[in-house]
Amino acid sequence: MKKALFILIAASFAAGLAASASAQTAAPEQGKEELKLQLPKPMFVGTPRNINSPNLEKVTGKSRGPFFVPAGTTLLSLNKPVTSSDTQPVIGDVAYLTDGEKSGEDGYFVELGPGKQYAQVDLKAPHLLNAILVWHYHAQARVYRDVVVQVSDDKDFVTGVTAVFNNDHDNSSGLGIGKDKEYIETAEGKLIDPRGARGRYVRLWSAGNTSNDMNHYVEVEIFGTPAK
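Residues numbered from 1 in each chain as written. Predicted model: local features only at pLDDT ≥ 70, side-chain atom pairs only at ≥ 80, totals over all residues. Heavy atoms only, no water.

K.L.:
Sorry, what's going on with unusual backbone geometry here?
P.N.:
With a phi angle near 55 degrees, Phe-157 is a residue other than glycine that sits in the positive phi range. By the element assignment, Phe-157 lies in the loop between strand E7 (148-152) and strand E8 (162-166). Looking at Phe-157, the relative accessible area reads 11%, which means it is buried. The backbone of Asn-171 sits at a positive phi, close to 60 degrees, despite the residue not being glycine. By the element assignment, Asn-171 lies in the loop between E8 and strand E9 (190-192). (Helix = DSSP H or I, 4+ residues; strand = E, 2+ residues; numbered from the N terminus. Buried < 20%, exposed > 50% of the residue type's maximum accessible area, 1.4 Å probe, protein only.)

K.L.:
For this particular structure, what's the right way to read the nonpolar core?
P.N.:
Note that soluble globular proteins tend to have their nonpolar side chains buried in a common cluster. By size, the foremost hydrophobic cluster in this structure holds 38 residues, and its most contacted members are Leu-129, Ile-132, Val-149, Val-202, Tyr-217, Val-220 and Ile-222. Among the elements that make up this core, the one with the highest residue count is strand E6 (residues 116-135) (nine residues). Other than its neighbours up to four places away in sequence, Ile-222 contacts Thr-74, Leu-75, Leu-76, Ser-77, Val-121, Leu-123, Leu-129, Ala-131, Ile-132 and Val-202. (Core = buried A, V, L, I, M, F, W, Y, C linked by side-chain atoms within 4.5 Å. Contact = heavy atoms within 4.5 Å.)

K.L.:
Help me understand the environment of Gly-178 in this model?
P.N.:
One can find Gly-178 in the loop between E8 and E9. For Gly-178, a relative accessible area of 9% translates into the label buried. In this structure, the C-alpha to C-alpha distance between Gly-178 and Val-148, residues 30 residues apart in sequence, is 8.2 Å. Each residue touching Gly-178, except ones within four places of it in the same chain, is listed here: Asn-166, Asp-168 and His-169.

K.L.:
When you look at the pattern of salt bridges in this model, what are you seeing that I'm missing?
P.N.:
Working definition: two side chains of opposite charge can pair if their charged atoms are close together. Scanning the model with the defined rule gives eight salt bridges in all. For Asp-156, the salt bridge is made with Lys-155, and the minimal N-O distance between the two is 3.5 Å. (Salt bridge = Lys/Arg side-chain N within 4 Å of Asp/Glu carboxyl O.)

K.L.:
Quick question: what am I supposed to make of the pairing of strand E10 (residues 197-207) here?
P.N.:
For a regular strand, side-chain orientation follows a simple rule: the groups alternate between the two sheet faces. Among the 11 residues in E10, eight count as buried, and that is most of the element. Alignment of E6 against E10, held across 10 bridges, turns out to be antiparallel. Within E10, the position partnered with Ala-119 by the bridge is Leu-204. Sheet topology note: the E7/E10 ladder contains five bridges and is antiparallel. Considered in E10, the bridge of Val-148 is made with Trp-205. (Pairing = 2+ DSSP bridges.)

K.L.:
I'm lost on the side chain of Glu-185 in this one. Help?
P.N.:
Looking at the element boundaries, Glu-185 is found in the loop between E8 and E9. Of the side chains with opposite charge, Lys-190 lies nearest to the buried Glu-185, which makes no salt bridge, at 9.0 Å. When residues no more than four places from it in sequence are discounted, the contact partners of Glu-185 are Phe-44, Trp-135, His-136, Tyr-137, His-138, Gln-140, Ala-141, Arg-142 and Tyr-144. (Lys, Arg positive; Asp, Glu negative; His and termini not counted.)

K.L.:
What's the story with the packing of aromatic side chains in this structure? I'm lost.
P.N.:
Aromatic rings in a pair are described by how distant their centres are and how their planes are angled relative to each other. Here the structure, examined in full by the defined rule, presents three aromatic pairs. Where Tyr-118 meets Trp-205, the ring centres are 4.9 Å apart and the plane angle is 65 degrees; that geometry is what we call edge-to-face. Residue Tyr-118 is found in strand E6, and its partner Trp-205 is found in strand E10; the two are separated by 87 residues along the sequence. An identical accessibility class is assigned to Tyr-118 and Trp-205; each is buried. Plain terms: the ring middles of Phe-165 and Tyr-183 are 6.2 Å apart, the flat faces sit at 75 degrees to each other, and that makes the pair edge-to-face. You can see Phe-165 sitting in strand E8 and its partner Tyr-183 sitting in the loop between E8 and E9, a full 18 residues away along the chain. Judged by its relative accessible area of 6%, Phe-165 is buried. The class for Tyr-183 is buried, based on a relative accessible area of 5%. Over the face of the ring belonging to Trp-205 we find Lys-116, whose NZ or CZ atom lies 4.9 Å from the ring centre. Over the face of the ring belonging to Tyr-118 we find Arg-203, whose NZ or CZ atom lies 3.8 Å from the ring centre. (Phe/Tyr/Trp six-rings, centres within 6.5 Å; stacked < 30°, edge-to-face > 60°. Lys NZ or Arg CZ within 6 Å of the ring centre and 35° of its normal.)

K.L.:
I would appreciate a short explanation of the confidence of the model for the protein in the present structure.
P.N.:
In low-pLDDT regions, the fine details of the predicted coordinates are not to be read closely. Per-residue pLDDT for the protein averages 88, and the proportion of residues at 70 or more is 86%. Taken as a whole, residues 1-24 scores under 50 in pLDDT and shows zero contacts with residues more than four places along the chain or in a different chain. (pLDDT = per-residue confidence, 0-100.)

Structure below.
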């Protein structure tokens, strides 16, 4: 009797594991496909220490899982024009944001001045956005402050502005209180789900980081489909 009960429990446990594994590798929703990303090599390993933030997401040490987007989604931002609130960057050029180079080494990032600054990508036509992947300076563990990502068809962002990411928890940048978490920069970049927001322009804000007051970008990848 005990042996039969043990076999039944073991079989149930195995079935549970199989169901769990099946759920983790489940096929995407109909009409969606996995977004294939090419990531740069990591510049540091281990768990970062001594980074203080009241709004920091939990560090799991695990790689990001697959991300699914509508079929037909393509990279829109490669070599698209970039402008910035800082017209004379301290280091580099804003064109680095869309040049396809994601390395964390010196010579691959643009440094904008201190305080609240933005960089803006012109996709040249309105699109429905399905993913935005952002790399700030990732050769060192840092948290960039007040990261806000907005989408609009208005190049001046006066009308029709949609915020697709905002981790400014206290509205210190005056762009509204955000509910997203601050995060530590890694070679994976920060993957943002714009949930099909429509826009021609993508504006990315930040306000310094935990190492200094400057703002940095290595690369920004924007994925989507043409707006009808």
